[in-house]
Amino acid sequence: MAATTTTPLSLSLQNKEEFRCHACGKIPRGKFAFRCDLCEFGLDVCCASLVPEKVDGVGDGELSYQRLKFVGHEHELLVCYKGIESFEVSCSACELPFQIEDSIYVCLECKLLLHKPCAELPLTINHPFHPRHRLVLFTQIPPGERFTRCKGCLRDFEAGFTYRCVECNFLLGTGCASLVPRKFAFHEHPLALFEKTNFNCSKCRCRKCTSVLRCVLCGFNIHLHCFPDLPEVVVGGRYHRHALRLTKTPVQDYEVESDDAEFYCDKCEQERSLPDPTYSCQEGHYVAHVQCMVSKVTNELAPF
Ligand SMILES: [Zn+2]
Ligand SMILES: [Zn+2]
Ligand SMILES: [Zn+2]
Ligand SMILES: [Zn+2]
Ligand SMILES: [Zn+2]
Ligand SMILES: [Zn+2]
Ligand SMILES: [Zn+2]
Ligand SMILES: [Zn+2]
């Protein structure tokens, strides 16, 4: 990407301490970066592979690049696509990688690389996890902040966008801010589904399993598979010809050779954590996340 300069960039060895990439704002992982000979501008090897999208029929040069303005961001963003498959820099807001089909929205002013939904994040939100005050979007971790813990998932992070109530010292990562909690009869506050987290379940006390309905207001957690009245058997129907049974023992649906073998849900094709209960066919043909099956059978859980 040479969007801001007509001088070619040259590859050179970097002194790690000083240089930050002018696209993603990060210190390059490798020793090399592309630098402009005339000014400070430079890109790490990964961001240098970004290809700006062109506006049809405008010829070459600065004006021919596709730029978009979003309400939540004061600068125009360059719309780019990945020039290489192994693009390692993650989104500056959610810290998740860019998928093959994702456009990458670049702010050269703020030095941010964003997914489209992350570029469209509103500046302030009302959130049921902190109903007392509006939360404000922070695009940087304030300097000197010792640790940044999301009050939703309780994860600590060092970078990424956060929604905060400064008055109450309350903050949420953008992932948790996108969760929509729902009211269930067995708990007085709304609960949201957290995946890939380990919370102590108030029903079975285990903390190995990863899908938890959680109340951020009072810290109540319950595994999805400990949900009252979850069906024991789901008739596979259009998913699978055999009945699927709620199975609380780990299901290894293929021969494993090593401890770090990965298992997948046959419904959503995403990874599943082995200790998590599943809905599975007794013949081992079909194994699915609990949340993937109950979303279709339990009306109360329908939004999942
Ligand atoms: Zn970069
Ligand atoms: Zn993102
Ligand atoms: Zn900006
Ligand atoms: Zn979180
Ligand atoms: Zn507050
Ligand atoms: Zn439980
Ligand atoms: Zn509660
Ligand atoms: Zn699934």
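Starting from 1, residues in each chain are numbered consecutively following that chain's sequence as written. Here every chain gets a letter starting at A, and every ligand a number starting at 1, in the order they are written. Where totals are concerned, whole chains, interfaces and linings use all residues; where local detail is concerned, this predicted model gives features only for residues with pLDDT of at least 70, and gives and counts side-chain atom pairs only at 80 or more. Only hydrogens and water are set aside; all other atoms, that is, all heavy atoms of the structure, feed into the side-chain values.

The name an unreviewed UniProt entry gives the chain is DC1 domain-containing protein, with Actinidia rufa as the organism.

## Considering the overall build of the chain
For the chain, the helix and strand inventory stands at three helices and 21 strands. Throughout, exposure labels follow a simple rule: accessible area from a 1.4 Å probe, protein chains only, divided by the maximum for the residue type, with under 20% read as buried, over 50% as exposed, and the rest as partly exposed. A burial count over the chain gives 44% of its 304 residues as buried. A contact between two residues is defined here by any heavy atoms of the two lying within 4.5 Å. A sequence separation of at least 24 residues applies to 48% of the contacts in the chain between residues at least 6 apart. What counts as a helix is a DSSP run of H or I of at least four residues, what counts as a strand is a run of E of at least two, and both are numbered from the N terminus.

## Comments concerning the sheet that holds strand E17 (residues 244-247)
Think of a sheet as strands paired side by side through backbone hydrogen bonds, with each pair either parallel or antiparallel. At least two bridges found by DSSP between two strands are what make those strands a pair. On the basis of which strands lie adjacent, the open sheet formed by four strands has the order E16-E17-E20-E21 and antiparallel pairing. Each edge of the open sheet is held by one strand with a lone partner, namely strand E16 (233-234) and strand E21 (287-289). Here strand E20 (residues 278-281) runs beside E21; their pairing, made up of three bridges, is antiparallel. Considered in E21, the bridge of Tyr-279 is made with Ala-288.

## Examining the environment of Arg-241
Structurally, the position occupied by Arg-241 is in the loop between E16 and E17. On the basis of relative accessibility, which here comes to 69%, the residue Arg-241 falls in the exposed class. On a C-alpha basis, the gap between Arg-241 and Tyr-286 in space is 9.6 Å, while along the polypeptide they are 45 residues apart.

## Section: the packing of aromatic side chains
Centre distance within 6.5 Å is the pairing criterion for rings of Phe, Tyr and Trp, where only the six-membered ring of Trp is used; planes under 30 degrees apart are then read as stacked, over 60 as edge-to-face, and the remainder as tilted. The tally for this structure, following the rule as stated, stands at eight aromatic pairs. Aromatic pair Phe-87 and Phe-98: ring centres 6.2 Å apart, planes at 75°, arrangement edge-to-face. With Phe-87 in the loop between strand E6 (76-81) and strand E7 (104-107) and Phe-98 in the loop between E6 and E7, this residue pair connects regions lying eleven residues apart in the sequence. Classification of Phe-87 by relative accessible area gives buried; the value is 7%. A centroid spacing of 6.1 Å and a plane angle of 85° characterise the contact between Phe-194 and Phe-199, whose relative ring orientation is edge-to-face. The two residues Phe-194 and Phe-199 agree in class, both being buried. If you follow Arg-214 out to its NZ or CZ, it ends over the ring of Phe-199, 4.4 Å from the centre. For a ring to carry a charge above it, either NZ of a lysine or CZ of an arginine must fall within 6 Å of the ring centroid while also lying within 35 degrees of the normal to the ring plane.

## Remarks on the environment of Val-45
Tracing the backbone shows Val-45 in the loop between strand E3 (42-44) and strand E4 (51-52). Along the primary structure Val-45 and Lys-31 are separated by 14 residues, whereas in three dimensions their C-alpha atoms are 9.4 Å apart.

## Some details on the coordination of the zinc ion (ligand 4)
Every protein donor of the zinc ion (ligand 4) is accounted for by Cys-150 (SG), Cys-153 (SG) and Cys-176 (SG), and the metal-donor separations fall at 2.2 Å. Because no water is among the atoms considered, metal sites can look incomplete, with donors defined as N, O and S atoms within 2.8 Å of the metal, or 3.2 Å for Na, K and Ca. For the zinc ion (ligand 4), all donor residues lie on one chain, and their spacing in sequence is C-x2-C-x22-C. Taken together, the positions of Cys-153 in the loop between strand E10 (135-138) and strand E11 (162-165) and Cys-176 in helix H2 (residues 174-177) put the pair 23 residues apart, joining distant regions of the chain. Here Cys-153 matches Cys-176 in class, with each residue buried.

## Description of the coordination of the zinc ion (ligand 3)
Those protein atoms acting as donors to the zinc ion (ligand 3) are His-73 (NE2), His-75 (ND1), Cys-107 (SG) and Cys-110 (SG), and they sit at 1.9 to 2.2 Å. One chain supplies every donor for the zinc ion (ligand 3), spaced along it as H-x1-H-x31-C-x2-C. On the criterion of sequence distance, the pair formed by His-73 in the loop between strand E5 (67-69) and E6 and Cys-110 in the loop between E7 and strand E8 (112-114) is long-range, its members being 37 residues apart. Classification of His-73 as buried rests on a relative accessible area of 9%. We classify Cys-110 as partly exposed; its relative accessible area is 27%.

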